[in-house]
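Commentary on secondary and tertiary structure
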2 protein chains.
Amino acid sequence: MNYIFSDKMNALAPSAIREILKATSQPGIIPFAAGNPAPEAFPTDAIQEISARLLRDRPVDCLQYGITEGFSPLRGRVKADVRARLGIGTDADELIITSGAMQVMDLATKVLCNEGDTIICETPSFIGSLNTFRSYGVRLHGVPMQHDGMDTDALEQALQREPNVRFIYTIPNFQNPTGITMSAAKRRRVYDLAQQYNVLVLEDNPYGELRYNGEPLPCIKSFDEDGRVIYAGSFSKILSPGMRVGYALAPQPVIAKMTVGKQAGDVHTTMWAQLLVDEWLQHYDVAAHVCKICDIYTAKRDLMCNGLADTALRFQVPAGGLFLWCELPLEIDMIDFTKRAIAAKVAVVPGSAFAVQPEDKINAVRLNFSTPTDEQLVQGVEILRTLI
Amino acid sequence: MNYIFSDKMNALAPSAIREILKATSQPGIIPFAAGNPAPEAFPTDAIQEISARLLRDRPVDCLQYGITEGFSPLRGRVKADVRARLGIGTDADELIITSGAMQVMDLATKVLCNEGDTIICETPSFIGSLNTFRSYGVRLHGVPMQHDGMDTDALEQALQREPNVRFIYTIPNFQNPTGITMSAAKRRRVYDLAQQYNVLVLEDNPYGELRYNGEPLPCIKSFDEDGRVIYAGSFSKILSPGMRVGYALAPQPVIAKMTVGKQAGDVHTTMWAQLLVDEWLQHYDVAAHVCKICDIYTAKRDLMCNGLADTALRFQVPAGGLFLWCELPLEIDMIDFTKRAIAAKVAVVPGSAFAVQPEDKINAVRLNFSTPTDEQLVQGVEILRTLI
């Protein structure tokens, strides 16, 4: 049979990169291409204890249908937590629990964008989010990244020129793939421009808790006096990605529409996972756990950065997150380097995977330091050094 | 702020019914409006044992990222199970694990339909699926239900007349909301018509295992010689809906596109839930468990049907599933009856909630017999009798 697929899904086919990434899951390969938490970063004892208790004392709550907005106690607890910790959320905001933060991007696009509408995003940016946007047939307009976050002058030009812009997508903290943190001044400017041009902001903050040095900067959501910022948070990096628990904090009318969208998608997020996160937030020392994993990742980041410090690779040491963005000298071709690395059993991601438009000029690779063991980090860095 | 939402989401607002349904979640109300499994139908001991073992022996597998297609051993096990039990699935088919079966409807629509395309479905039909289709801006064309399933002559006319039909959506077993089971002859005819008019079939079978009398009939998927049937299965009704584990069995190119769609949606289904289902299928007597819950639901169905047998409500005793569809005599207005029932503390769903088009003539209510306790069943039936 000849299958005819929707135009929006046919548009979603960066196949060359997908082929390269497939090679990165070969057994025996050093995983600098992934974005997984380190296995030792999971609070396994706590999860075992909480799960046993929940399934013993409240099995029906874990197994029965739940409401689409999410488990009410968890929603209240996360709202209180982000208000206390990040100063975000007003009485005009609501919160929905999602099946991972990726679903926030999915639902935001679904409820806000018609096909052909425009989303402005950083370039390069997280390939997962870009593909989610593309899967709704929207136009993406990329704004170049600078050392302190997106080029806000280019953002203003884009807001002036691009038709039907619905929102600005940004990862202000330890951006994926560049590791860059947006300055406080630029965060303010992004909000002011959104206000001036009457668009929304989708602030994606999956790595915010993973800061290894420097002081936290205010979320764009913390400036949100008129209800134009959708904030996406996640438990994937501090607790477990396999649980698929994230959330959106946004103005009530937006959350109401996202709830209708989620009902039509997966009805609700796995109840066991929601109850488990709720108990963990309530009864465990989350701050101490985050400190512990930050220590693990700081050491891994330093192993990688120190090992590559005196090479031809140019990089900014990320103040947090999971990724190191290495620009290659002109004489080294990104795709060729990636293939040679994979042949030498080190998986890296070519920077072009994160390009908003195919013509974006990128000659870089993204390295991840959270997934490999310390031994793999040392060994992988050594191999990359021989290839440069 | 004035929020502008996408056209497809704005189209999705059957608000009168949603208001009625809200009233059904009041405390103290007898739940004939829901569709939840009975709490005593959960294999709680098995789940406790499996979860404890998994989190002790394989915590990282439960907590780390997984692949979008689903946990490989589970995919293989479900493929083998449906082939042995239902005779469906060929070497040209693949299987994807989804976050509940609703996500199958979501992904099928996403990958197959452009806005404005047509889906043919039974009317009345499951409101959840209808809303999922609507959320993609597709046109729905309803084919009336008869006592032995959809009117296949009307189906043929629709296939002749409707433009851009992408697939036929059907729930052949114990349909929601009517409880009707499609005859073997009509199943064959639906497939033959799909072949003749070159469209796909989306066969939704969430209740198939819950048969209380009569012999199982062949799935439409079992006729699928040329790869045009997408089969949606679920563990919600036989294990736990709160886990959100379903699956699609479909031709490999369709599953490949659905995988790209799911990656852009929720990345993958909660790993703990996938591993738990896999262990349950492998180590427990699932057939015996299904027998046990069928006994529970047979008794509940009979309580409800016997209690309403000599009233003015007209119904066909469903051979399985969770729902009883009661047609009201002309002198009783459905909406008025629903409101009076809710006022008398019995929640029922007005049949119009399941209409494909607002003008579909329906004067019926849907009653659910799996959620209420036996005491609530007796009491609720008594109250309804006084209202008729």
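See the structure printed just above.
None of these values were measured; they are calculated from a predicted model. (Residues numbered from 1 in each chain as written. Chains lettered and ligands numbered in written order. Predicted model: local features only at pLDDT ≥ 70, side-chain atom pairs only at ≥ 80, totals over all residues. Heavy atoms only, no water.)

**Let's talk about the packing of helix α3 (residues 44-57) of chain A against helix α11 (residues 271-283) of chain A**
Residues and elements named next belong to chain A. We count it as follows: Lines fitted to the C-alpha atoms define the axes, with helices restricted to the stretch that makes contact. Angles between their N-to-C directions range from 0 to 180 degrees. A run of H or I in DSSP counts as a helix once it spans at least four residues, and a run of E counts as a strand once it spans at least two, with each numbered from the N terminus. Whether a crossing is left-handed or right-handed is set by the direction in which the near helix is turned from the far one by less than a right angle, anticlockwise for left-handed and clockwise for right-handed. Should any heavy atoms of two residues lie within 4.5 Å, those residues are considered in contact. Each residue receives one of three labels: charged for Asp, Glu, Lys and Arg, nonpolar for Ala, Val, Leu, Ile, Met, Phe, Trp, Tyr, Cys and Pro, and polar for the others, Gly being one of them.
Following both chains from N to C, one finds α3 and α11 inclined at 120°, their axes separated by 10 Å at the closest point. Along this stretch, α3 crosses α11, giving a crossing that reads as right-handed. Where α3 approaches α11, its residues Ala-46, Ile-47, Ile-50, Ser-51, Arg-53, Leu-54 and Leu-55 are matched on the opposing element by Trp-272, Leu-275, Leu-276, Glu-279, Trp-280 and His-283. Here the residues of the contact of α3 with α11 sort into nine nonpolar, two polar and two charged.

**Structural notes on the pairing of strand β3 (residues 118-123) of chain A**
All names here are of chain A. For clarity, the cut-off: Each residue gets one of three labels from its accessible area relative to the maximum for its type: buried under 20%, exposed over 50%, partly exposed in between, using a 1.4 Å probe on protein chains only. A crossover gets the label right-handed when its path from the first strand over the helix to the second runs clockwise, viewed with the strands pointing away from the viewer. At least two DSSP bridges between two strands are required for those strands to pair.
Summarising burial for β3: six of the six residues are buried, a large majority. Chirality of the crossover, the property in question, places the unit of β3, helix α7 (residues 127-134) and strand β4 (residues 139-146) among those that are right-handed. In this structure, β3 lies alongside strand β6 (residues 165-170), joined through four bridges in parallel fashion. Residue pairing across strands places Ile-120 opposite Ile-168, the latter belonging to β6.

**Some remarks on the side chain of A:Thr181**
All names here are of chain A. By secondary structure assignment, the location of Thr-181 is in the loop between β6 and α9 (184-196). For Thr-181, a relative accessible area of 17% translates into the label buried. If we ignore the near neighbours within four places in the chain, the residues touching Thr-181 are His-147, Asp-148, Gly-149, Pro-172, Asn-173, Phe-174, Arg-187, Arg-211 and Leu-217.

**Considering empty space enclosed by the protein**
Stated formally: Lining residues are defined by having an atom within 4 Å of a point belonging to a cavity or pocket. Those points lie on a 1 Å grid over the protein atoms alone, cavities being sets where a 1.4 Å probe fits but cannot get out and pockets being open sets with protein on both sides within 12 Å along at least five of seven lines. Grid points are joined across faces, edges and corners, and a volume is the space filled by probe spheres set on the points.
Counted under the stated rule, the structure contains five cavities of 30 Å³ or more. Estimates place the volume of the largest cavity at around 130 Å³. In terms of lining residues, the largest cavity is bounded by 17 residues, among which A:Gln103, A:Asp106, A:Gly265, B:Asp106 and B:Gly265 are the most central. Only α6 (102-112) and α10 (252-263) of chain A together with α6 (102-112) of chain B provide two or more residues apiece to the lining of the largest cavity. Taken together, the residues of the lining of the largest cavity break down into four nonpolar, six polar and seven charged. In this structure, the second largest cavity occupies an estimated 60 Å³ of space.

**Observations regarding the relation of the copies chain A and chain B**
Just so we agree on the cut-off: Least-squares superposition of the copies uses the C-alpha atoms of those residues scoring a pLDDT of at least 70 in each of them.
When chain A is fitted to chain B, the best match, at an RMSD of 0.0 Å, comes from turning it 180° and sliding it 0.0 Å along the axis. A rotation of that kind, with that shift, is consistent with a two-fold axis.

**Here we look at the interface of chain A and chain B**
This is how it is decided: Defined here as a combined quantity, buried area equals the accessible surface (1.4 Å probe) lost by two parts on assembly, summed across both. Here, a salt bridge means any Lys or Arg side-chain nitrogen found within 4 Å of an Asp or Glu carboxyl oxygen. Polar contact is defined as a pair of N or O atoms within 3.5 Å, subject to the rule that within protein one atom must be able to donate a hydrogen and the other to accept it, and that residues adjacent in sequence are counted only when both atoms are side-chain atoms.
Each partner contributes residues to the interface: chain A has 71 residues there, and chain B has 71 residues. Interface of chain A and chain B: buried area, both sides summed, is about 6000 Å²; carbon and sulfur atoms make up 60% of it. Taken together, the links from chain A to chain B amount to two salt bridges. Run the count over chain A and chain B and you get 35 residue pairs in polar contact (both at pLDDT 80 or more). For the side of chain A that touches chain B, the elements supplying multiple residues, two or more each, are α1 (7-10), α3, α4 (59-63), α6, α7, α10 and α11 of chain A. For the side of chain A that touches chain B, the per-class residue count stands at 32 nonpolar, 25 polar and 14 charged.

**Focus on the sheet that holds strand β12 (residues 349-350) of chain A**
Residues and elements named next belong to chain A. If you walk across this open sheet you meet the three strands as β10-β13-β12, and the pairing is antiparallel. Strands with a single pairing partner mark the edges of an open sheet, and in this sheet they are β10 (323-327) and β12. Pairing geometry for β12 and strand β13 (residues 364-368), over two bridges, is antiparallel. Among the inter-strand pairings, Pro-350 is bridged to a residue of β13, identified as Val-365.

**Looking at the sheet that holds strand β10 (residues 323-327) of chain B**
All names here are of chain B. Pairing is antiparallel across the open sheet formed by three strands, whose spatial order is β10-β13-β12. For this open sheet the edge positions go to β10 and β12 (349-350), each flanked by a neighbour on one side alone. Relative to strand β13 (residues 364-368), β10 runs antiparallel, the two being bridged by five bridges. Bridge pairing in β13 links Phe-323 to Asn-368. Contacting β10 and β13, helix α12 (residues 286-308) crosses the sheet at an angle of about 15° to β10.

**Re helix α3 (residues 44-57) of chain B**
As a reminder, the rule being used: Expected helix span is computed as 1.5 Å times (number of residues minus one). Working definition: the arc comes from the directions between the helix axis and the C-beta atoms, pointing outward to the latter.
Spanning 14 residues, α3(B) covers 20 Å between terminal C-alpha atoms, matching the ideal 20 Å at 1.5 Å per step. B:Thr44, B:Ala46, B:Ile47, B:Ile50, B:Ser51, B:Leu54 and B:Leu55 are the residues of α3(B) that are buried. Projected onto a plane normal to the axis of α3(B), the buried residues spread over an arc of 150° and lie on a single side. α3(B) presents B:Asp45 and B:Arg56 as exposed residues on the side facing more than 90 degrees away from its buried surface. Those residues of α3(B) that are buried lie in contact with α3, α4 and α11 of chain A together with α4 (59-63) and α11 (271-283) of chain B.

**Observations regarding a negative patch on the surface**
Let me state the cut-off plainly: Note on patches: the residues involved have over 30% relative accessible area and no salt bridge, like charges join within 9 Å, and the nonpolar side chains Val, Leu, Ile, Met, Phe, Trp and Tyr join within 5 Å. Per-residue and other accessible areas were derived by the Shrake-Rupley procedure at a 1.4 Å probe size, with only the shown protein chains allowed to occlude residues. Residues counted as positive are Lys and Arg, residues counted as negative are Asp and Glu, and His and the chain ends are not counted. The atom standing in for a charge is NZ when the residue is Lys, CZ when it is Arg, CG when it is Asp and CD when it is Glu.
Residues A:Asp7, A:Glu115, B:Asp7 and B:Glu115 make up a contiguous surface patch of negative charge. For B:Asp7, the position within the fold is in helix α1 (residues 7-10).

**Describing the pattern of salt bridges**
Taken as a whole, this structure holds 52 salt bridges over all chains when the rule is applied. A salt bridge links A:Arg385 to A:Asp310, with the nearest nitrogen and oxygen atoms 2.7 Å apart. Linking A:Arg385 in helix α14 (residues 374-387) with A:Asp310 in the loop between α12 (286-308) and β10, this pair joins segments that are 75 residues apart in sequence. The exposure class of A:Arg385 is partly exposed, given its relative accessible area of 31%. A:Asp310 sits in the exposed class, given a relative accessible area of 60%. With its nearest N and O atoms 2.8 Å apart, the salt bridge here joins B:Glu49 to B:Arg53. Placement of the pair is B:Glu49 and B:Arg53 together in helix α3, with a separation of four residues, close to one helical turn.

**Observations regarding the packing of aromatic side chains**
For any two aromatic rings, the description comes down to two numbers: the centre-to-centre distance and the angle of the planes. To be explicit about the condition: Classification of ring pairs uses Phe, Tyr and Trp, with its six-membered ring standing for Trp, and accepts pairs whose centres are within 6.5 Å; under 30 degrees between planes counts as stacked, over 60 as edge-to-face, and the remaining range as tilted.
For the structure on display, the rule yields 17 aromatic pairs over all chains. Note on A:Tyr231 and A:Tyr247: the rings are 6.5 Å apart at their centroids and 35° apart in plane angle, and the pair reads as tilted. With A:Tyr231 in strand β8 (residues 229-234) and A:Tyr247 in strand β9 (residues 246-251), this pair connects stretches of sequence that are 16 residues apart. The burial state of A:Tyr231 is the same as that of A:Tyr247; both residues are buried. With centroids separated by 6.0 Å and ring planes inclined at 85°, the aromatic side chains of B:Tyr207 and B:Phe323 adopt a geometry described as edge-to-face.

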